Amino acid sequence: MSMEAAISVSDLTKRFGDFTAVDGITFDVKKGEIFGFLGANGAGKTTAMRMLCGLSLPTSGQANVAGFDLYKEPEKIKKNIGYMSQKFSLYGDLTIRENNRFYGGIYGLTDQQIKEKTQFMLEHLHLEDQADTLVRALPLGWKQKLSFSVSMIHDPKIVFLDEPTGGVDPITRREFWSMIYEAAHSGTTVFVTTHYMDEAEYCDRVSIMVDGKIEAMDSPSALSKQYNAKGMEEVFVQLARKAIRSDN
Amino acid sequence: MRTLRILLEKEFRQIFRDPAILRLIFIMPIIQLLVLPLAADYEVKDINIAIVDQDHSSYSRQLTDKISASTYFNLVIYTHSYNEAIRGVEKDMADVVLQIPPSFEKKLIKENEAKLFMALNAINGVKANLGGVYLRSIINDFNGEVRLDWLQFPRFNPQPLIRISSINWFNPLLNYQFFMVPGILVILVTLVGSFLAALNIVKEKEIGTIEQINVTPIRKHQFILGKLIPFWILGLLVLSIGLLLARIFYGIIPAGSLLTVYLFAAVYLLAVLGLGLLISTYTETQQQAMLISFFLMMVFILLGGLYTSIDSMPKWAQIFTMFNPVTYFIEVMRMVVLKGSNLYDIRYHLLIVSGFGVFLNSWAIINYKKRS
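Residues numbered from 1 in each chain as written. Chains lettered and ligands numbered in written order. Predicted model: local features only at pLDDT ≥ 70, side-chain atom pairs only at ≥ 80, totals over all residues.

Draft legend 1. Region of interest: the overall build of chain B. Looking only at helices and strands, chain B features 14 helices and four strands. Rg of the C-alpha trace for chain B: 29 Å, well past the compact-globule value of 21 Å for 372 residues, more than 25% over. Taking contacts inside chain B between residues at least 6 apart in sequence as the whole, the part at least 24 apart equals 78%. (Helix = DSSP H or I, 4+ residues; strand = E, 2+ residues; numbered from the N terminus. Rg over C-alpha atoms; globule rule 2.2 N^0.38 Å. Contact = placed C-beta atoms within 7 Å.)

Dropping the structure here:
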């Protein structure tokens, strides 16, 4: 494991009974990198990501996240990562300000820090007028951007984004990706899953999972060259077609 | 500590923003306490009686008058045909049939003995039973009067007469509400303590926020305390509202110390909160939690001594009630509120309920996992 790796995974496996959701995956993610974690539905992306976030216990294999061992120091990992799940997971019955206060507070930020962060976030997202609106009243695109900001509230070393732009319009998606770039520029490692191949092109490197295994991993341009394809879309289709597992 | 404060702040915000919970906390106690004790009453009045008078004598009429004058009976059928009376029972018009056979009076005077026949509609067992008892006592009274008429000299009375006088301790007027209200309060506290807490935690699972919580460095005990403390406070709040309503509307002022009630309630709430937490660790959706809660609540209420006396349950059910925390609180409430029992009197109850608390909470905490 090199010191440059933000995430280092070797032979990580998760079985649910007879079903092997993640089958011995091995990869490194470099610090400050935007790492695209691709795969068809049911390929095992979310399971892999949940293991790395300490939500799910691996069946076997090793992993080091943000410099901490997945088995021995899960709570230290949690201090240093942010996670945005597929499901919207801010509290709809709290306002933006209150959600910030809650998540900032449980990450141990001081009242002053929370205040500053919130102010910055509101300005950045142009949500100053909505600070005291219940989050459930906001449109989906705003909610997603907000979720991302909240998952970054404690300046994590790594942020895990699970299909952050699902169901979001193209303009918001572009704005979302500019937020991801900003995060990466400020030194945060971004680990992101997506089904949009145009988004995959924005990543520094991508891996493509098929039936629980990583079938390909490189930069988007190198992969296009290797598979003799025009873009990530073609690479993905060529690989995903091999899948035996059904959609669900 | 700061984390816990942040958690509590969030929890209370959400609770007080949820109109359903507010309704549950403030309106449910009012309705339950104001309506249920009036309706759930064991006193049997208005027993409909059919009298089959085949004698048509002055005695049969005297007896009929005596019965219809009683506040317990409504004379709905007066006939000479037994079949007609039974048809009345079949149509659910009459609960009790009393047959006065022909030559009742003649036999009573000549042979010093006469027979009456009583038929009871036992679909409602309680009503039939009590109806029979009331009717028997009226007939006994009547019997006494008749004897007085005929035997002027009581010293010749062949049967010794024993008079029983009784006094009702702790609830001298046998007010059924005094018995019910403390019990209903217990059910309310239990509902808030266990099921609201369970639903609240499962809701976080259902909407997915629990995942977001589980990726934070928040500790298991912090999260659990953050969930339990608000409902512990709400439980005591509901108890206070209930005690206040009981005082205003039923004039129930605990004979014992309020402090004893609160101390026991505080410990009891820990036990039922543990139960709520346990339910939440075994369920994934609010629907599942609801169904389990509903099932448990039925068992708790029916086997908790709220409506039916535990002493009259079969042995196996009595053993079962020992594992029902509700039983202990109902007993304690009745002891403290009606009898004025003190802390020393309820020490075993307190000990057992503390045991429940430790057991249920430990089980729930072991079963609660941040990582699956």
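Draft legend 2. Region of the structure containing the overall build of chain A. Counting its regular elements, chain A contains nine helices and 10 strands. Since a compact globule built from 248 residues should have a radius of gyration of about 18 Å, the 18 Å found for chain A is in line with a globular shape. Taking the principal axes of its C-alpha atoms as reference, chain A extends roughly 50 × 40 × 35 Å. Counting all 248 residues of chain A, 44% fall into the buried class. Considering only contacts in chain A between residues 6 or more positions apart, those separated by 24 or more positions represent 68%. (Buried ≥ 20, exposed ≤ 12 C-beta atoms within 10 Å, placed from the backbone.)

Draft legend 3. Molecular detail of the domain arrangement of chain B. In terms of domains, chain B is made up of domain 1 (2-40 + 172-367) and domain 2 (47-156). Averaged C-alpha coordinates put domain 1 of chain B and domain 2 of chain B at centres separated by 49 Å. (Domains from an automatic or database assignment.)

Draft legend 4. Just the nonpolar core, in detail. Leu-185, Val-189, Val-192, Leu-273 and Phe-329 of chain B are the most contacted members of the largest nonpolar core, which has 79 residues in total. Per-element tally for this core: the top contributor is helix α7 (residues 176-207) of chain B, with 19 residues. In contact with Val-189 of chain B, not counting residues within four places along its chain, are Gly-235, Val-238, Leu-239, Ala-265 and Leu-269 of chain B. Within the second largest apolar cluster, 53 residues are counted, among which are Phe-37, Leu-52, Leu-55 and Met-209 of chain A. (Core = buried A, V, L, I, M, F, W, Y, C linked by C-beta atoms within 7 Å.)

Draft legend 5. Summary view of helix α1 (residues 45-52) of chain A. Within α1 of chain A, eight of the eight residues are buried, which leaves it mostly tucked inside the rest of the structure. Of the positions making up α1 of chain A, those classed as buried are Lys-45, Thr-46, Thr-47, Ala-48, Met-49, Arg-50, Met-51 and Leu-52 of chain A.

Draft legend 6. Region of the structure containing the environment of Asp-211 of chain A. Residues and elements named next belong to chain A. Secondary-structure assignment places Asp-211 in the loop between β9 (205-210) and β10 (213-218). The exposure class assigned to Asp-211 is partly exposed, which follows from the 18 C-beta atoms found within 10 Å. Along the backbone, Asp-211 and Ala-63 are 148 residues apart, and their C-alpha atoms lie at a distance of 20 Å. Look past the residues within four positions of Asp-211 in its chain and what remains in contact with it is Ala-43, Ala-243, Ile-244 and Arg-245.

Draft legend 7. A look at the interface of chain B and chain A. Each partner contributes residues to the interface: chain B has 19 residues there, and chain A has 22 residues. Mapped onto the side of chain B that touches chain A, the elements with two or more residues apiece are α1 (2-17) and α8 (209-214) of chain B. With seven residues, α1 of chain B is the single largest residue contributor to the side of chain B that touches chain A. For the side of chain B that touches chain A, the residue count by class is four nonpolar, eight polar and seven charged. (Nonpolar A, V, L, I, M, F, W, Y, C, P; charged D, E, K, R; others polar.)

Draft legend 8. The confidence of the model for chain B, seen in detail. Residues and elements named next belong to chain B. Averaged over chain B, the pLDDT score is 87; the fraction of residues at 70 or greater is 95%. When pLDDT is averaged over each helix and strand of chain B, the minimum, 82, is found for helix α2 (residues 19-39) and the maximum, 94, for helix α10 (residues 258-282). For this predicted complex, the interface confidence comes out at an ipTM of 0.87, alongside a pTM of 0.80. (pLDDT = per-residue confidence, 0-100.)

Draft legend 9. Region of interest: the environment of Ser-58 of chain B. Tracing the backbone through its elements, the reader meets Ser-58 of chain B in helix α3 (residues 58-69). Measuring from C-alpha to C-alpha, the distance between Ser-58 of chain B and Lys-10 of chain B comes to 80 Å, with 48 residues separating the pair along the chain.

Draft legend 10. Inspection of the packing of α10 of chain B against helix α13 (residues 325-339) of chain B at higher detail. Residues and elements named next belong to chain B. Relative orientation of the contacting elements α10 and α13 amounts to 175°, with a least axis distance of 11 Å. Considered as vectors, α10 and α13 are oriented roughly antiparallel to each other. Contacts from Thr-260, Val-261, Phe-264, Tyr-268, Ala-271 and Val-272 in α10 reach Pro-325, Phe-329, Val-332 and Val-336 in α13. Here the contact of α10 with α13 is composed, by residue class, of nine nonpolar, one polar and no charged. (Axes fitted to C-alpha atoms, helices over the stretch in contact; angles between N-to-C directions. Parallel < 35°, antiparallel > 145°, perpendicular 65-115°, else oblique.)

Draft legend 11. Fine view of the sheet that holds strand β7 (residues 158-162) of chain A. All names here are of chain A. With mixed pairing, the six strands of this open sheet are ordered in space as β6-β7-β8-β3-β9-β10. Bordering the open sheet on either side are β6 (81-84) and β10, each of which pairs with just one other strand. Strand after strand, the sheet turns through a mean of 15° between neighbouring axes, direction not considered. In this structure, β6 lies alongside β7, joined through four bridges in parallel fashion. (Pairing = 2+ DSSP bridges.)

Draft legend 12. Expanded view of the packing of α7 of chain B against helix α9 (residues 220-250) of chain B. All names here are of chain B. Following both chains from N to C, one finds α7 and α9 inclined at 160°, their axes separated by 9 Å at the closest point. Considering the angle they form, α7 stands roughly antiparallel to α9. In terms of crossing hand, the pair formed by α7 and α9 is right-handed. Contacts between α7 and α9 involve Gln-177, Val-181, Leu-185, Leu-188, Val-189, Val-192, Gly-193, Leu-196, Ala-197, Asn-200 and Ile-201 on the former and, on the latter, Lys-227, Leu-228, Phe-231, Leu-234, Gly-235, Val-238, Leu-239, Gly-242, Ala-246 and Tyr-250. (Left-handed = near helix turned anticlockwise from the far one by under 90°.)

Draft legend 13. Representation of unusual backbone geometry within the structure. Residues and elements named next belong to chain A. You will see that Asp-155, though not glycine, has its phi angle at about 50°, which is positive. Looking at the element boundaries, Asp-155 is found in the loop between α5 (140-151) and β7. Among the residues examined, Asp-155 registers 16 C-beta atoms within 10 Å and is labelled partly exposed. Residues other than glycine seldom take positive phi values, yet Asn-228 does so here, at roughly 55°. Here Asn-228 is to be found in the loop between α8 (220-226) and α9 (232-240). When the 9 C-beta atoms within 10 Å are taken as the criterion, Asn-228 is described as exposed.

Draft legend 14. Representation of the sheet that holds strand β4 (residues 60-65) of chain A. Residue and element names in this part refer to chain A. Taken in spatial order, the four strands make up an open sheet running β2-β1-β4-β5, and their pairing is antiparallel. Looking at the sheet topology across the chains shown, the edges are occupied by β2 (19-30) and β5 (68-69). Pairing analysis gives two bridges linking β4 to β5, with the strands arranged antiparallel. The partner of Val-65 across the bridge, within β5, is Phe-68. Where α1 meets the sheet, it contacts β1 (5-16), β2 and β4, and its direction lies at approximately 120° from that of β1.

Draft legend 15. Broad picture of the pairing of strand β3 (residues 96-100) of chain B. Residues and elements named next belong to chain B. Most of β3 is tucked away: five of the five residues are buried. Burial of β3 is two-sided: the residues Val-96, Leu-98 and Ile-100 facing one way and the residues Val-97 and Gln-99 facing the other way are all buried. Two elements, strand β1 (residues 47-53) and β3, share five bridges in a ladder whose sense is parallel. Residue pairing across strands places Asp-53 opposite Ile-100, the latter belonging to β3. The pairing of β3 with strand β4 (residues 117-120) spans four bridges and is classified as antiparallel. By the bridge assignment, Val-96 is partnered in β4 with Leu-120.

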